[in-house]
Amino acid sequence: MEQYRLLAECLLPAHMLDWFDLKTVRVEKKGDTQVIHLYLDENEQKPDDREDLRPNGFTRESAFHNFPIRDQEVLLHVSRRRWLDADGHNVMTECNLIQESTRCSTELADFLKEAFGDAPYNGPFV
């Protein structure tokens, strides 16, 4: 199982597996290419300053694009953990995975900006 974790660490954005568990992988044919779907659930790691939190299920799954792997589209399907504090209030942990105003990872957005400058990018990853 450790080999799969090492491979996932190479494919996913940096430190993603510190906060998320890889649940399953699915490959789908899409025309002449394939789409790799990676399903991740936020783990039960509590923020250091919040010992009063307890898990309360997951949010609805969000999907966003990640770096392509050998010209294959990669979609991350992320389910965030819902937490309850000692007073029964819903709390979300801080996690900035998606670049604002896009549906792709911050790492991919940075790469595209560096590669294409500030010109609008109308490719498959926006």
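What you see is a predicted model; the values in this text were computed from it and never measured.

### Some points on the sheet that holds strand β2 (residues 33–42)
With respect to topology, 4 strands assemble into an open sheet ordered β1-β2-β5-β4, the strand pairing being mixed. On the outer flanks of this sheet lie β1 (20–30) and β4 (62–65), each paired with one strand and no other. When the angles between neighbouring strand axes are averaged without regard to direction, this sheet yields 25°. Here 7 bridges tie β2 to strand β5 (residues 73–79), and the two strands are oriented parallel to one another. Note that in β5 the partner of Y39 across the bridge is H77.

### Description of the sheet that holds strand β6 (residues 81–84)
Pairing is antiparallel in the open sheet, where 3 strands are placed in the order β3-β6-β7. Either end of the sheet is taken by a strand with one partner, and the two such strands are β3 (54–58) and β7 (90–91). With 3 bridges connecting them, β3 and β6 associate as antiparallel partners. Note on β6: the bridge partner recorded for P55 is W83.

### Thoughts on the pairing of β1
Relative to β2, β1 is paired through 10 bridges, and the arrangement is antiparallel. Directly across from K29, in β2, lies its bridge partner Q34. Two successive antiparallel strands, β1 and β2, enclose a turn made up of 2 residues, where G31 displays a positive phi of approximately 70°.

### Some words on the nonpolar core
One recurring pattern in soluble globular proteins: nonpolar side chains tend to sit buried together. One finds A8, L12, M16, L17, F20, I36, L38, L40, F64, V74, L76 and V78 forming the largest nonpolar core, which totals 12 residues. Among the secondary structure elements, those contributing two or more residues to this core are α2 (16–19), β2 and β5.

### Details of the pattern of salt bridges
Under the definition given, this model contains 2 salt bridges. In this structure, K30 and E73 form a salt bridge, with 3.2 Å as the shortest nitrogen-oxygen distance. Of this pair, K30 sits in strand β1 while E73 is found in strand β5, placing the two residues 43 residues apart along the sequence. Accessibility expressed as a relative area gives 47% for K30, which makes it partly exposed. The class of E73 is buried, set by a relative accessible area of 16%. Two residues, E42 and R80, come together in a salt bridge whose shortest N-O distance is 3.0 Å.

### Focus on the environment of V35
One can find V35 in strand β2. As a C-alpha pair, V35 and E73 span 38 residues in sequence and 4.8 Å in three-dimensional space. The contact partners of V35, leaving out residues within four places of it in the chain, are R26, V27, E28, K30, E73 and L75.

Reading guide: rules and limits
- Residues numbered from 1 in each chain as written.
- Predicted model: local features only at pLDDT ≥ 70, side-chain atom pairs only at ≥ 80, totals over all residues.
- Heavy atoms only, no water.
- Pairing = 2+ DSSP bridges.
- Helix = DSSP H or I, 4+ residues; strand = E, 2+ residues; numbered from the N terminus.
- Axes fitted to C-alpha atoms, helices over the stretch in contact; angles between N-to-C directions.
- Core = buried A, V, L, I, M, F, W, Y, C linked by side-chain atoms within 4.5 Å.
- Buried < 20%, exposed > 50% of the residue type's maximum accessible area, 1.4 Å probe, protein only.
- Salt bridge = Lys/Arg side-chain N within 4 Å of Asp/Glu carboxyl O.
- Contact = heavy atoms within 4.5 Å.

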